[in-house]
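# Notes for the structure review
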Amino acid sequence: MITAVELGMIYAIMALGVYLTFRILDFPDLTVDGSFTTGAAVASISIVNGVNPVLATIFAFFVGSLAGVVTGLLHTKGKIDGLLAGILTMIALYSINLRIMGKANTPLLGEKTLMTPLREANLMGTWGSVGLMFLGCLVAVALIVWFLRTDVGLAMRATGDNEEMIRSFGVSTDNQKILGLAISNGFVGLSGALIAQFQGFADIGMGIGVILIGLASVIVGQAIFGQKFIWIAALAVIAGSVIYRLVIQLALELGLEVQDMKLISAVLVVIALILPQWKGFSKFANRIRITGKPVAPLEEAVKTNA
């Protein structure tokens, strides 16, 4: 169970990136399946070639961001539909990832990674490592919440809510989309790098279906804890990611096979979409949600740009 929670914490970084595009920008970004592997590939090949693990992980973030920029440019400047732009970038990244690694799999056995100190201290698989990973997730949440409360962040939120309105205030929605996609895929690439170091290898197929994991985390977490406030919505994504991994772990222990994971993910997303429509679940969710009157993103953006 602890391993499932650890994985949930690491995948939560990716899910936060998905949250930025699907919830904040309202952009169906499928670049994730490719940029996740790109982050893993860049970090792994860098570590194998003697680069410091911290620096290698930072490289993964920026290369993932670059993938997001490409998708943004295809959509905003190339006038390509957002969904298709993400698919095109994802397909291109498959070949690029093979070029980066030089082969389909890059092992990290015997290499020093960010997980090495935890293993040497015998913390892996304990609540100690879970606590450290949770702190890392909190840092990511704090950065996202801080950014979304800045002028640029408010403009990005308004872009997702009402693109025409915020454009009337002189905000470049194209730039907001490119920036949002860059930050989102940066987090996705970072998560890929951490997963590669956690499991000890990077594989060309490790990103397949990752977008579904991210969506499941966002939908499940926010179905239970809500999204009335930005910080609640971001924390709900972390909770959703952990719940998702625990459900997967439970399903495997009940006898389902590894190849059934994508089916389990799909069923979990369907349940998360249907449950909020059930009155009994809505009453239960309302009891555990933090209530209050949030300031609408568009109202904040208007006041900021007025």
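Residues numbered from 1 in each chain as written. Predicted model: local features only at pLDDT ≥ 70, side-chain atom pairs only at ≥ 80, totals over all residues. Heavy atoms only, no water.

## Things to note about the packing of helix H1 (residues 2-24) against helix H11 (residues 230-253)
Which entries qualify depends on this criterion: Axis lines are fitted through C-alpha atoms, for helices just across the contact stretch, and the angle between N-to-C directions can take any value from 0 to 180 degrees. A helix here means a DSSP run of H or I that spans at least four residues, while a strand means a run of E at least two residues long, and both kinds are numbered starting from the N terminus. Angles are sorted into four bins: roughly parallel if under 35 degrees, roughly antiparallel if over 145, roughly perpendicular if 65 to 115, and oblique for all others. If you view the pair so one helix is near and one far, a crossing is left-handed when the near helix is turned anticlockwise from the far one by less than a right angle, and right-handed when it is turned clockwise. Working rule for contacts: check all heavy atoms of both residues, and any pair within 4.5 Å makes them a contact. In this count, Pro and Cys sit with the nonpolar residues alongside Ala, Val, Leu, Ile, Met, Phe, Trp and Tyr, while Asp, Glu, Lys and Arg are called charged and the others, Gly among them, polar.
With their axes 8 Å apart at the nearest point, H1 and H11 run at an angle of 135° to one another. With respect to H11, the element H1 is oriented oblique. In terms of crossing hand, the pair formed by H1 and H11 is right-handed. Here Ala4, Val5, Leu7, Gly8, Met9, Tyr11, Ala12, Ala15, Leu16, Tyr19 and Ile24 of H1 lie close against H11, whose contacting residues are Ile230, Ala233, Ala234, Val237, Ile238, Ser241, Val242, Arg245, Leu246 and Gln249. In the contact of H1 with H11, the residues fall into 17 nonpolar, three polar and one charged.

## Overview of the layout of surface pockets
Where we set the bar: Note on definitions: the grid is 1 Å and covers protein atoms alone; a cavity is a set of points where a 1.4 Å probe fits but cannot get out; a pocket is an open set with protein on both sides within 12 Å along at least five of seven lines; lining residues have an atom within 4 Å of a point. Grid points are joined across faces, edges and corners, and a volume is the space filled by probe spheres set on the points.
Of the volumes computed, that of the largest pocket is approximately 590 Å³. In terms of lining, the largest pocket is formed by 23 residues, of which the most central are Ile13, Gly136, Cys137, Leu190 and Leu194. Secondary structure elements with two or more residues in the lining of the largest pocket: H1, helix H3 (53-76), helix H6 (127-148) and helix H9 (173-199). Ranked by residue count, the leading element in the lining of the largest pocket is H6, at 10 residues. As a volume, the second largest pocket reaches approximately 450 Å³. Taken together, 21 residues make up the lining of the second largest pocket; nearest its centre are Tyr11, Gln199, Met206, Arg245 and Met261. Among the elements of the structure, H1, H9, strand S2 (201-203), helix H10 (210-225), H11 and helix H12 (261-274) are those that each provide at least two residues to the lining of the second largest pocket. Grouping the amino acids of the lining of the second largest pocket by side-chain chemistry returns 13 nonpolar, five polar and three charged.

## Details of H10
Defined as follows: Each residue after the first adds 1.5 Å to the expected span of a helix. When a residue's accessible area, from a 1.4 Å probe over protein chains only, is under 20% of the maximum for its type it is buried; when over 50% it is exposed; and in between it is partly exposed.
The terminal C-alpha atoms of H10, which comprises 16 residues, lie 22 Å apart, in line with the 22 Å expected from a rise of 1.5 Å per residue. The buried fraction of H10 amounts to 13 of the 16 residues, a majority that puts the element mostly inside the structure. Phi turns positive one or two residues past the end of H10, at Gly226, with a value near 85°.

## Thoughts on the pattern of salt bridges
Going by this rule: Any Lys or Arg side-chain nitrogen found within 4 Å of a carboxyl oxygen on Asp or Glu counts as a salt bridge.
Inspection of the entire model under this criterion finds three salt bridges. In this structure, Lys77 and Asp174 form a salt bridge, with 3.9 Å as the shortest nitrogen-oxygen distance. Of this pair, Lys77 sits in the loop between H3 and helix H4 (82-101) while Asp174 sits in helix H9, and the two are 97 residues apart along the sequence. Here Glu163 ties to Lys177 by a salt bridge, and the two come within 3.2 Å at their closest N and O atoms. On the criterion of sequence distance, the pair formed by Glu163 in helix H8 (residues 163-167) and Lys177 in helix H9 is long-range, its members being 14 residues apart. Among the charged side chains, a network of salt bridges with common partners joins Glu163, Arg167 and Lys177.

## As for the nonpolar core
Rule in force here: What we call a nonpolar core is a set of buried Ala, Val, Leu, Ile, Met, Phe, Trp, Tyr and Cys residues that are connected through their side-chain atoms within 4.5 Å.
In terms of nonpolar packing, the biggest core is built from 66 residues, with Met9, Met14 and Phe36 touching the most fellow members. Looking at this core, the elements that each hand over two or more residues are H1, helix H2 (32-48), H6, H9, H10, H11 and H12. Element by element, the count of residues in this core is highest for H1, at 15 residues. Ignoring anything within four residues of it in the chain, the contact list for Met14 reads Val32, Phe36, Phe187, Val188, Ser191, Val210, Ile213 and Gly214. In this structure, Ala155, Met165, Ile166 and Val171 belong to the second largest nonpolar core, which totals five residues.

## A closer look at the confidence of the model for the protein chain
What counts is decided by this rule: For every residue, the predictor states its confidence as a pLDDT score lying anywhere from 0 to 100.
Per-residue pLDDT for the protein chain has a mean of 87; in total, 90% of the residues score no lower than 70. Under a pLDDT of 50 for its full length, residues 292-306 has, in the predicted model, 25 contacts with residues more than four places off or in other chains.

## Brief notes about H11
Between its terminal C-alpha atoms H11 stretches 35 Å, which fits the 34 Å expected from 24 residues at 1.5 Å a residue. One or two residues past the end of H11 sits Gly255, with phi positive at roughly 115°.

## Points about unusual backbone geometry
The phi angle at Asp26 is positive, at roughly 55°, despite the residue not being glycine. Within the secondary structure, Asp26 sits in the loop between H1 and H2. Even without a glycine there, the phi angle at Asn122 is positive, about 60°. Within the secondary structure, Asn122 sits in the loop between helix H5 (116-120) and H6.

## Looking at the packing of aromatic side chains
Keep this limit in mind: Note on aromatic contacts: the rings of Phe and Tyr and the six-membered ring of Trp form a pair at centre separations within 6.5 Å, being stacked when their planes are under 30 degrees apart, edge-to-face when over 60 apart, and tilted otherwise.
The final tally for this structure, using the stated rule, is three aromatic pairs. Consider the rings of Tyr11 and Phe36, whose centres lie 5.8 Å apart with planes at 5°: the pair is stacked. Of this pair, Tyr11 sits in helix H1 while Phe36 sits in helix H2, and the two are 25 residues apart along the sequence. On the accessibility criterion, Phe36 (0% relative accessible area) is buried. Consider the rings of Phe61 and Phe187, whose centres lie 6.0 Å apart with planes at 85°: the pair is edge-to-face. In this pair, Phe61 is assigned in helix H3 and Phe187 in helix H9, connecting sequence segments 126 residues apart. Given the relative accessible area of 9%, Phe187 is considered buried.

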